[in-house]
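Listed below, chain by chain, are the residues.
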Amino acid sequence: MSWKTASFTAFWYDFAVQNRVLSRVGARVLWNYDIDHLHASIAAQDPSALTLDIPCGDGIAVNSNPHHVAADLSRTMLTRARRKTTTLLQADIYALPFADQTFDACLTYNGLHCLPDPGAAVRELARVLRPGGWLRGTTIVQGAGRDRLIRVLQRQGTFGNPGTATDLRTWLTTAGLTSVELTHSGAVTGFTARK
C-alpha cells in the first residue's frame, strides 16, 4: 500500500470512528457489533486510576482522567490521539517500558486481533498491572460469523492472529488474570479480567 493510499484510508477510518452514526453503522455492517458495548466499557473506567491504554489508536478511550497514558506503536495513531491528550508514549505492546505492577488498569480496545501473538500481549499487560487491577478491552474473534472477512484482512496485513472467544479466555487466564468476563456482540468480544 502506498503512503497516499495509506493516508487516504487512515483519514476515512479516523473520520468514521469519530462519527457516532458512521461508527455505529460500520460496526454493525462489518462485524454485526453493537458499538454501545464499546462505549459502555469506556465509560466504566475509573477516572482516578493510573491507566495504560494500548494500542490507543486515535484516542477513543481517552477521557478526563489525568492519569491516563495513551500508548501506541504507530506514530500516525499517536498524532491522531494528540487531539485528545498529551500523555502519549510510543511503545511496543510486547515489551512495555514499565516496571512490574505499575498500573491500576490496562485498556486494549480493538487491537489484539491485529497482533501476531495476542497471548503474549495479554501476558505483558498483566505484568504491568498491580494486584487487584483490571484489564479491559475488545477484540474481534474467529468463529462468530465473520471469518471470511478476517481472512481477507489477514491477507492484506491488517489483521494478525485473532483467536476464538475460547482462545481469548485462555490468554487471560494463562496470564494469571481472574474474574474473567466475556461479552459477545457479533464478531466482537468485550472482556474484563482482574489481576
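Basis of the calculations
- Each residue is numbered by its place in its chain's sequence as written, counting from 1.
- Since the coordinates come from a predicted model, pLDDT governs what is reported: local features require at least 70, and pairs of side-chain atoms require 80 or more to be given and counted, while whole-chain, interface and lining totals use all residues.
- The side-chain quantities take in all heavy atoms of the structure and omit both hydrogens and water.
- In this text, buried Ala, Val, Leu, Ile, Met, Phe, Trp, Tyr and Cys residues form a nonpolar core when linked through side-chain atoms within 4.5 Å.
- The rule is simple: take the accessible area with a 1.4 Å probe, protein chains only, and divide by the maximum for that residue type; under 20% is buried, over 50% is exposed, in between is partly exposed.
- Secondary structure is summarised from DSSP: a helix means a run of H or I of at least four residues, a strand means a run of E of at least two, and numbering begins at the N terminus for each.
- It only takes one pair of heavy atoms within 4.5 Å for two residues to be counted as in contact.
- For two strands to pair, DSSP has to find at least two bridges joining them.
- Between N-to-C directions, angles span 0 to 180 degrees; the directions come from axes that are lines fitted to C-alpha atoms, helices contributing only their stretch in contact.
- Confidence scores here are pLDDT values: one per residue, from the predictor, ranging 0 to 100.
- By definition here, a salt bridge exists when the distance from a side-chain nitrogen of Lys or Arg to a carboxyl oxygen of Asp or Glu is within 4 Å.

**A closer look at the nonpolar core**
Among the nonpolar cores identified, the biggest contains 28 residues, and Leu52, Leu135, Leu172 and Leu177 are the most heavily contacted of them. Of all the secondary-structure elements, those providing two or more residues to this core are β2 (68-72), β4 (103-109), α5 (118-128), β5 (129-140), α7 (165-174), β6 (178-185) and β7 (188-194). With residues near it in sequence (within four places) discarded, Leu177 still touches Val122, Ala126, Leu129, Leu135, Leu172, Ala193, Arg194 and Lys195. Formed by 15 residues, the second largest nonpolar core is a distinct cluster that contains Ile42, Tyr109, Leu153 and Ala187.

**A few points about the sheet that holds β7**
Within the open sheet, the seven strands sit side by side as β3-β2-β1-β4-β5-β7-β6. Their pairing is mixed. Each edge of the open sheet carries a strand with a single partner, namely β3 (88-90) and β6. The sheet shows a mean angle of 15° between the axes of neighbouring strands, taken without regard to direction. Sheet topology places strand β1 (residues 51-53) next to β2; three bridges connect them, and they run parallel. Looking across to β2, one finds that Asp53 is bridged to Ala70.

**Notes on the pairing of β5**
Two elements, β4 and β5, share six bridges in a ladder whose sense is parallel. Note that in β5 the partner of Ala105 across the bridge is Trp134. Note: β5 against β7, seven bridges, orientation antiparallel. Bridge pairing in β7 links Thr138 to Gly190.

**Points about the confidence of the model for the protein**
Close inspection of predicted coordinates is inappropriate in any region flagged by low pLDDT. Confidence in the prediction for the protein averages 90 pLDDT; 91% of positions are at 70 or higher. Counted against residues more than four places away or in other chains, residues 1-6, with its pLDDT under 50, gives two contacts.

**Section: the pattern of salt bridges**
Applying the stated rule across the entire model yields five salt bridges. Put simply, Arg24 and Asp36 hold a salt bridge, and the shortest N to O gap is 2.9 Å. Placement of Arg24 in helix α2 (residues 20-31) and of Asp36 in helix α3 (residues 36-43) is noted, with a sequence separation of 12 residues between them. Judged by its relative accessible area of 36%, Arg24 falls in the partly exposed class. Taking the relative accessible area as the measure of exposure, Asp36 reaches 37% and is therefore partly exposed. Among the ionic pairs, Asp100 bridges to Arg127, the shortest N-O distance being 2.7 Å. Taken together, the residues span a long stretch of sequence, with Asp100 in the loop between β3 and β4 and Arg127 in helix α5 at a distance of 27 residues. Under the relative-accessibility criterion, Arg127 is labelled partly exposed at 24%. Bridged by salt links that share partners, the residues Arg24, Asp34 and Asp36 form one connected network.

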